[in-house]
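Coordinates in review
One letter stands for each residue in the lines below.
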Amino acid sequence: MTLACGIDIGGSGVKGALVDLETGTYSCESVVIETPAPATPDSVAQVCGELLHQLGVTDDIPVGITFPAPIIHGRVPFMANLDPSWAGIDVVELMDRHLGRTIVALNDADAAGLGEAIYGAAKDVPGVVIVTTLGTGIGSAIINDGVLIPNSELGHLEIDGHDAETQASAGQKTAQKLDWVTWAGRLQRYYSHVEMLFSPDLFVIGGGVSANHEKFLPLLNLRTPVVPAKLRNTAGIVGAAYEAARAAHK
Ligand code: BGC
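Source: prediction; values computed, not measured.

Considerations on helix α6 (residues 180-198)
The end-to-end C-alpha separation of α6 is 26 Å, in line with the 27 Å expected for 19 residues at 1.5 Å each. Elements that come into contact with the buried residues of α6 comprise β7 (128-134), β8 (138-144), β10 (158-159), α4 (165-168), α5 (170-175) and β12 (202-206). Residue S199 follows α6 closely and has a positive phi angle near 40°.

Below is the structure:
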């Protein structure tokens, strides 16, 4: 079995697991530690160290870590939903200092997109697939013929004068106590706009809320086929582990 470790840094929890790369599934129970408050780079890096320890990750196992921000050659340009002190941080250098090892860093939605492209709903799908994750924010991954175009940040498209994720994320559904029909109306506006811009061949909808996909996906009226993510909440960790192993074997 080829193993790699994936860690997903989120607003409420930092989660990690060992992944069996042949099947794209966890090979152990995942471990979750509450995201420290404030979620500064140093405090989150310490939590990552604790996770690696609890998972028993040895030096020979590649580690991929996802961040809820674009990662441009290891650096975070801006941070929408965690502590703003992440802006400008080189996360590879940060983790090197705290963990004593080189990690692979990637955007959380890009990692989920990779997970779906290699093992899930976007596997072997030709053309342009857009994977979105509906959570606190809206994450996006654009994949063309299986190749990821990183850092697309389509959750921050400006639609009707608003940053899209402030209207249509799953976090906003909860915060504003929107019922499924009202929320689906906001998703309709969002996905029609993305469809008009990119003409994708497939939308894959992920994030925790995709477990309830039958409550909102049938309400959407789009030209593009829409399917729920197959890997659900594991896609980001699986994609990060996959990418770490790929980088290690380059
Ligand atoms: C961030 C993205 C991230 C998404 C989901 C957005 O606010 O800018 O980088 O992928 O939230 O976490």
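Notes on the site of the ligand
Near the ligand, the surroundings consist of 14 residues, among which N107, D108, E153, H156 and E165 are the closest. In the environment of the ligand, an oxygen atom lies 2.9 Å from a nitrogen or oxygen atom belonging to the side chain of N107. One of the side-chain N or O atoms of D108 is found 2.5 Å from an oxygen atom in the ligand. Secondary structure elements with two or more residues in the shell around the ligand: α3 (108-119) and β8. Partitioned by chemical class, the residues of the shell around the ligand number 7 nonpolar, 4 polar and 3 charged. The two domains that each donate at least three residues to the shell around the ligand are domain 1 (3-110 + 234-248) and domain 2 (125-229).

Section: the pattern of salt bridges
Evaluation of the coordinates by the stated rule reveals 4 salt bridges. One salt bridge in this structure joins R189 and D160, with 2.8 Å as the shortest N-O distance. Taken together, the residues span a long stretch of sequence, with R189 in helix α6 and D160 in the loop between β10 and β11 (162-163) at a distance of 29 residues. With relative accessibility at 37%, the residue R189 sits in the partly exposed group. A relative accessible area of 54% means that D160 is categorised as exposed. Between R246 and E243 there is a salt bridge whose closest N-O contact spans 2.9 Å. In this pair, R246 and E243 both sit in helix α7 (residues 235-248), 3 residues apart, roughly one turn of the helix. When salt bridges with common partners are traced through the structure, they connect D42, E93 and R97 into a single cluster.

Considering the packing of α3 against α7
One can describe the packing of α3 onto α7 by two numbers: an axis separation of 7 Å at closest approach and a directional angle of 80°. As summarised for this structure, α3 and α7 are arranged roughly perpendicular, according to the angle between their axes. The residues of α7 that touch α3, namely those facing D108, A111, A112, L114, G115, E116, I118 and Y119, are A235, G236, V238, G239, A240, Y242 and E243. Across the contact of α3 with α7, the residue classes tally to 9 nonpolar, 3 polar and 3 charged.

The rules behind the values
Residues numbered from 1 in each chain as written. Predicted model: local features only at pLDDT ≥ 70, side-chain atom pairs only at ≥ 80, totals over all residues. Heavy atoms only, no water. Helix = DSSP H or I, 4+ residues; strand = E, 2+ residues; numbered from the N terminus. Expected span 1.5 Å × (residues − 1). Contact = heavy atoms within 4.5 Å. Near = heavy atom within 4 Å. Polar contact = N/O pair within 3.5 Å; in protein donor to acceptor, adjacent residues only side chain to side chain. Nonpolar A, V, L, I, M, F, W, Y, C, P; charged D, E, K, R; others polar. Domains from an automatic or database assignment. Salt bridge = Lys/Arg side-chain N within 4 Å of Asp/Glu carboxyl O. Buried < 20%, exposed > 50% of the residue type's maximum accessible area, 1.4 Å probe, protein only. Axes fitted to C-alpha atoms, helices over the stretch in contact; angles between N-to-C directions. Parallel < 35°, antiparallel > 145°, perpendicular 65-115°, else oblique.

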